[in-house]
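Summary of structural features
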Amino acid sequence: PDGGFRDALVARVRELTGVDLGKTPQGQVAGQNRSMHVKRSLVRHAISLLLQDPSLALDIPDPRVIEGLDEPGVPLLIALIETLHARPQLTTGGLLEAFDAHGAHGSLTTLAGISLPGDHDSWLEEMTGVFAQLESRMRTQRIDALRDRISELTQEEKMELRDLLTTRVADRGN
């Protein structure tokens, strides 16, 4: 709460516990959680959507199109989608169980506990958009990598670069 009510609560907590909630680390507003400033990544959002509704994975034909994208969590996202392709009957609990030994199991469990607003159709629309953005980032990353060594490109790489640039121009037109 803000204002006088917050001040009264802070005073009461200080009175009872000796802890001054009004004092915060330098640069942080009282009551503000630093995690509020953490920008939620597209990959994390895609994983959250899959945990909310595992059937969304079935609408992603080839998750490997983002393989190699230099963003945290991409290998995990691909593994989740591939697992759901292989075992489409899995629920959120089953998916968490399948990744029980994975290093990110704790994070997956936390994300699974977050209820997202919406329904299957809205989540599908979000997932489609998120995955399209990830594919676009992958193309941009590959274009940049090829341009960095433009003088050394093979004929196949030159054709790949031309195709990637053509696709990017077509995407911008839509």
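Residues numbered from 1 in each chain as written. Predicted model: local features only at pLDDT ≥ 70, side-chain atom pairs only at ≥ 80, totals over all residues. Heavy atoms only, no water.

1. Overview of the overall build of the chain
- When helices and strands are tallied, the chain shows seven helices and zero strands.
- Listing the helices and strands of the chain from first to last along the sequence gives α-α-α-α-α-α-α.
- Considering the chain as a whole, with its 174 residues, one finds that 30% of them fall into the buried category.
- Residue pairs in contact within the chain that sit at least 24 positions apart in sequence constitute 60% of those at least 6 positions apart. (Helix = DSSP H or I, 4+ residues; strand = E, 2+ residues; numbered from the N terminus. Buried < 20%, exposed > 50% of the residue type's maximum accessible area, 1.4 Å probe, protein only. Contact = heavy atoms within 4.5 Å.)

2. With respect to the confidence of the model for the chain
- Per-chain confidence: the chain averages 85 in pLDDT, with 79% of residues scoring 70 or above.
- Per-element confidence in the chain ranges from a low mean pLDDT of 67 for helix α1 (residues 3-17) to a high of 97 for helix α3 (residues 74-86). (pLDDT = per-residue confidence, 0-100.)

3. Here's the deal with α3
- Under the 1.5 Å per step criterion, the end-to-end length of α3 is 18 Å for 13 residues, consistent within 8% with the ideal 18 Å.
- Tucked into the core, α3 has its buried residues touching α2 (42-52), α4 (92-98), α5 (105-112) and α6 (120-148). (Expected span 1.5 Å × (residues − 1).)

4. Details of the environment of Leu134
- Inspection of the secondary structure assignment puts Leu134 in helix α6.
- Residues Leu134 and Val65, spaced 69 residues apart in sequence, show a C-alpha to C-alpha distance of 9.0 Å.

5. Quick notes on the packing of α6 against helix α7 (residues 155-173)
- In contact at an axis separation of 10 Å, α6 and α7 are set at 140° when each is read in the N-to-C sense. The orientation of α6 with respect to α7, classified from their angle, is oblique. Helix-helix and strand crossings are classified by hand; for α6 and α7 the assignment is left-handed. Only Glu157, Glu160, Leu161, Leu164, Leu165, Thr167, Arg168 and Asp171 of α7 make contact with α6, whose side of the interface consists of Arg139, Thr140, Arg142, Ile143, Leu146 and Arg147.
- Of the residues assigned to the contact of α6 with α7, the class counts are five nonpolar, two polar and seven charged. (Axes fitted to C-alpha atoms, helices over the stretch in contact; angles between N-to-C directions. Parallel < 35°, antiparallel > 145°, perpendicular 65-115°, else oblique. Left-handed = near helix turned anticlockwise from the far one by under 90°. Nonpolar A, V, L, I, M, F, W, Y, C, P; charged D, E, K, R; others polar.)

6. What to know about the pattern of salt bridges
- According to the stated counting rule, one finds six salt bridges in the structure shown.
- Two residues, Arg64 and Glu67, come together in a salt bridge whose shortest N-O distance is 2.3 Å.
- For Arg137, the salt bridge identified is with Glu71, shortest N-O distance 2.9 Å. Placement of the pair is Arg137 in helix α6 and Glu71 in the loop between α2 and α3, with a sequence separation of 66 residues.
- Owing to a relative accessible area of 17%, Glu71 belongs among the buried residues under this scheme.
- Residues joined by salt bridges that share partners form a network here, namely Arg64, Glu67 and Glu82. (Salt bridge = Lys/Arg side-chain N within 4 Å of Asp/Glu carboxyl O.)

7. Here we look at the nonpolar core
- The biggest cluster of nonpolar side chains holds 33 residues, and the ones touching the most others in it are Ile47, Leu50, Leu77, Leu80, Leu108 and Leu134.
- Where this core is concerned, the elements lending two or more residues are α2, α3, α4, α5 and α6.
- The residues touching Leu134, leaving out its near neighbours within four places in the chain, are Leu42, Val43, Ile66, Leu69, Glu71 and Leu77. (Core = buried A, V, L, I, M, F, W, Y, C linked by side-chain atoms within 4.5 Å.)

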